[in-house]
Every structure is written in structure tokens, then in C-alpha cells.
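Next come the chains, spelled out residue by residue.
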Amino acid sequence: MSSVLSVAPADPAAAAAHFAARLRFETDVSDVHADLHAAVAGLLVVDSRSAQAWDQGHLPGAVHLPTAEIPARAADLVPPGAVVVTYCWGPGCNGATRAALAFARLGHQVKEMLGGYEYWVREGFPVESAAGVVSRPVDPLTAPLRPAAGCGC
């Protein structure tokens with residue numbers, strides 16, 4: 001008996017609806033990096049971690065807004081019509097999901113950045129802290145070694 005096929009796959013129309021819906025709610029670090037690098041207008045990347053985590057390092061251009069402070073401070077930080085992209089530590093943390101929920105409840109369009117800060121760093125993208133902007137070597141288990149541009153997916 002097949003483990004993969006022990007539950008029948010969805011029909012193609014249902015699968016298409018499912019995967020399209022996921023992409024409406026999620027983005028990944030490579031896409032966020034590309035949009036930040038291109039200075040895409042109307043995008044606000046929000047780091048929902050603690051002040052200590054932010055100080056350790058964060059995405060250049062991100063706004064620091066811990067999840068608990070979103071209801072009180074979002075109106076002052078989110079430009080009208082902006083799409084908010086939330087991130088937290090990484091795939092083992094649901095902080096970005098909680099932050100995305102808080103923004104959605106306030107009426108903002110929002111996406112969660114899959115992989116969070118961890119995968120941003122592991123893919124070799126720049127990180128900003130009081131020490132300046134640095135990049136770590138690419139983890140070949142998460143992304144092609146540079147100078148390749150993206151994973152090709």
C-alpha cells in the first residue's frame with residue numbers, strides 16, 4: 001500500500017484552488033528580497049520579534065513592530081493601501097502567523113514570509129544590526145550558491 005496514495009489526491013481544480021489560495025497568504029524570502037531590492041512600492045516588511053531579536057539582526061528596510069504592539073501602533077506605521085509582509089524567527093515559530101492575523105484583523109492586506117529570519121540568513125541575504133549590514137555564506141541546503149539568481153522555481 002502506498003503511503004503517498006493512502007489518501008487520494010485532490011482533483012486538479014481543487015488542487016489549483018488550494019495552491020492559489022496559499023500563495024495569496026504566503027511569500028518566501030527570495031521573493032521578498034527581490035521586491036525589496038527592486039524597491040517595489042506599497043510593500044511594508046514587518047519584523048514581529050522582540051527588541052532583543054531585532055537588535056541581533058533584521059532585514060534591511062524592515063519595520064520593527066512586535067506582535068503585541070500591532071493593535072496600538074499599526075495605524076501609525078502602515079501606509080494606507082500597503083501590503084504588509086510579516087516575519088519572525090523561522091519555520092519553527094508561528095510569530096509571523098500571529099502578526100499576520102493581527103494585521104488582517106485591523107483590515108490590512110498581509111502575507112507571511114515563509115522561512116522567516118532564519119531562511120533569510122541561510123539564503124545569504126543581508127542582515128542589518130548596530131554593527132552594520134552583513135551577509136553570511138549561503139547554506140547550500142536552502143539555496144543555490146551565489147552568483148546564481150534564485151532557485152529557478
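The following paragraphs examine the structure supplied in this document. Quick caveat, the model's predicted, so the values are computed rather than measured.

Thoughts on the nonpolar core
Next up, step 1: Core analysis: the largest hydrophobic core is formed by 14 residues, its most contacted members being Val32, Val45, Leu59, Tyr87, Met113 and Trp120.
Next up, step 2: Listed by contribution, the elements that provide at least two residues to this core are helix H2 (29-37), strand S4 (83-87) and helix H6 (116-122).
Next up, step 3: Per-element accounting of this core gives the leading share, three residues, to H6.
Next up, step 4: Ignoring anything within four residues of it in the chain, the contact list for Met113 reads Thr27, Asp28, Val29, Val32, Leu59, Val85, Thr86, Tyr87 and Trp120.
Next up, step 5: Counting residues in hydrophobic clusters, the runner-up holds 13 residues, among them Val46, Leu65, Ile70 and Ala102.

Overview of the packing of aromatic side chains
Next up, step 1: Per the stated rule, a full pass over the model turns up two aromatic pairs.
Next up, step 2: Where Trp89 meets Tyr117, the ring centres are 5.7 Å apart and the plane angle is 85°; that geometry is what we call edge-to-face. Of the two residues, Trp89 sits in the loop between S4 and helix H5 (95-105) while Tyr117 sits in helix H6, which places them 28 residues apart along the sequence.
Next up, step 3: Judged by its relative accessible area of 36%, Trp89 is partly exposed.
Next up, step 4: The class of Tyr117 is buried, set by a relative accessible area of 9%.
Next up, step 5: On the basis of an interplanar angle of 55° and a centroid distance of 5.0 Å, the ring pair of Trp120 and Phe125 is categorised as tilted. The same class applies to Trp120 and to Phe125, which are both buried.
Next up, step 6: In this structure, Arg49 packs its charged tip against the face of Trp89, placed 4.5 Å from the ring centre.

Here we look at the side chain of Thr142
Next up, step 1: Residue placement: Thr142 occurs in the segment after strand S7 (132-134).
Next up, step 2: Judged by its relative accessible area of 18%, Thr142 falls in the buried class.
Next up, step 3: Here the side chain of Thr142 touches Arg122 through a polar contact of 3.3 Å, landing on its backbone oxygen.
Next up, step 4: Ignoring anything within four residues of it in the chain, the contact list for Thr142 reads Tyr119, Arg122 and Glu123.

Details of the pattern of salt bridges
Next up, step 1: Enumeration over the complete set of coordinates arrives at five salt bridges.
Next up, step 2: Between Asp47 and Arg49 there is a salt bridge, with the nearest N and O atoms lying 2.7 Å from each other.
Next up, step 3: Two residues, Glu69 and Arg73, come together in a salt bridge whose shortest N-O distance is 2.6 Å.
Next up, step 4: Glu69 sits in the partly exposed class, given a relative accessible area of 32%.
Next up, step 5: Given the relative accessible area of 30%, Arg73 is considered partly exposed.
Next up, step 6: Sharing partners across several salt bridges, the network here consists of Glu118, Arg122 and Asp139.

What counts and what doesn't
- Residues numbered from 1 in each chain as written.
- Predicted model: local features only at pLDDT ≥ 70, side-chain atom pairs only at ≥ 80, totals over all residues.
- Heavy atoms only, no water.
- Core = buried A, V, L, I, M, F, W, Y, C linked by side-chain atoms within 4.5 Å.
- Buried < 20%, exposed > 50% of the residue type's maximum accessible area, 1.4 Å probe, protein only.
- Helix = DSSP H or I, 4+ residues; strand = E, 2+ residues; numbered from the N terminus.
- Contact = heavy atoms within 4.5 Å.
- Phe/Tyr/Trp six-rings, centres within 6.5 Å; stacked < 30°, edge-to-face > 60°.
- Lys NZ or Arg CZ within 6 Å of the ring centre and 35° of its normal.
- Polar contact = N/O pair within 3.5 Å; in protein donor to acceptor, adjacent residues only side chain to side chain.
- Salt bridge = Lys/Arg side-chain N within 4 Å of Asp/Glu carboxyl O.

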